[in-house]
Amino acid sequence: IRTRAEAVAAGLEGLGAELAAGRSVIGGGSTPAMELPTVLLTLRPASVTAYERRLRQGRTPVIARVEDERLVVDLRTVLPEQDEALARALLGLSR
């Protein structure tokens, strides 16, 4: 995941993309509290809620979360073949 996150971040020049260690919650059912380590792609836009909304409503919807005034994308929830579309969606925020 780190290698993919680094590659996506490298293509986001000018957006201030950074990587951060994080935890992915596996889900409900029999493992509601189980977590796995992950690498998060983070951005600190001027209006994090506006960016999050624009991503969600974009041509290729991206579900990100907001943590500590940062826009956060967990690459564990993105298929490798979707990395390029994710980068395009994030780059579209700068326009």
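Refer to the structure above for everything that follows.
What counts, and at which threshold
- Residues numbered from 1 in each chain as written.
- Predicted model: local features only at pLDDT ≥ 70, side-chain atom pairs only at ≥ 80, totals over all residues.
- Heavy atoms only, no water.
- Helix = DSSP H or I, 4+ residues; strand = E, 2+ residues; numbered from the N terminus.
- Buried < 20%, exposed > 50% of the residue type's maximum accessible area, 1.4 Å probe, protein only.
- Contact = heavy atoms within 4.5 Å.
- Areas by Shrake-Rupley, 256 points an atom, 1.4 Å probe, with all protein chains shown as cover.
- Lys, Arg positive; Asp, Glu negative; His and termini not counted.
- Charge placed at Lys NZ, Arg CZ, Asp CG, Glu CD.
- Salt bridge = Lys/Arg side-chain N within 4 Å of Asp/Glu carboxyl O.

**Q** How would you sum up the overall build of the protein? Please name residues and give values.
**A** Along the protein, the regular secondary structure elements total three helices and four strands. The N-to-C order of helical and strand elements in the protein reads α-β-β-α-β-β-α. Based on the C-alpha atoms only, the size of the protein along its principal axes is roughly 45 × 25 × 25 Å. The buried share of the protein, taken over its 95 residues, is 36%. Of the contacts formed within the protein by residues at least 6 apart in sequence, a portion of 56% connects residues at least 24 apart. Carbon and sulfur atoms form 52% of the exposed surface of the protein, whose accessible area is close to 5900 Å². Where the 13 positive side-chain charges of the protein centre and where its 12 negative ones centre are 4 Å apart.

**Q** Go over the pattern of salt bridges with me, naming the residues and quoting the values.
**A** The tally for this structure, following the rule as stated, stands at six salt bridges. In this structure, the salt-bridge partner of Arg 23 is Glu 35, at a minimum N-O distance of 3.3 Å. Of this pair, Arg 23 sits in strand S1 (residues 18-25) while Glu 35 is found in strand S2 (residues 35-43), placing the two residues 12 residues apart along the sequence. Residue Glu 35 is classed as partly exposed on the basis of its relative accessible area, which comes to 38%. A salt bridge links Arg 56 to Glu 52, with the shortest nitrogen-to-oxygen separation between them at 3.0 Å. You can see Arg 56 and its partner Glu 52 sitting in helix H2 (residues 48-56), four residues apart, about one turn around the helix. Residue classification places Arg 56 among the partly exposed residues on the basis of a relative accessible area of 36%.

**Q** Any details on the side chain of Arg 70? Residues and values, ideally.
**A** Topologically, Arg 70 is positioned in strand S4 (residues 70-74). As a buried residue without a salt bridge, Arg 70 has its nearest oppositely charged side chain in Glu 67, at a separation of 4.1 Å.

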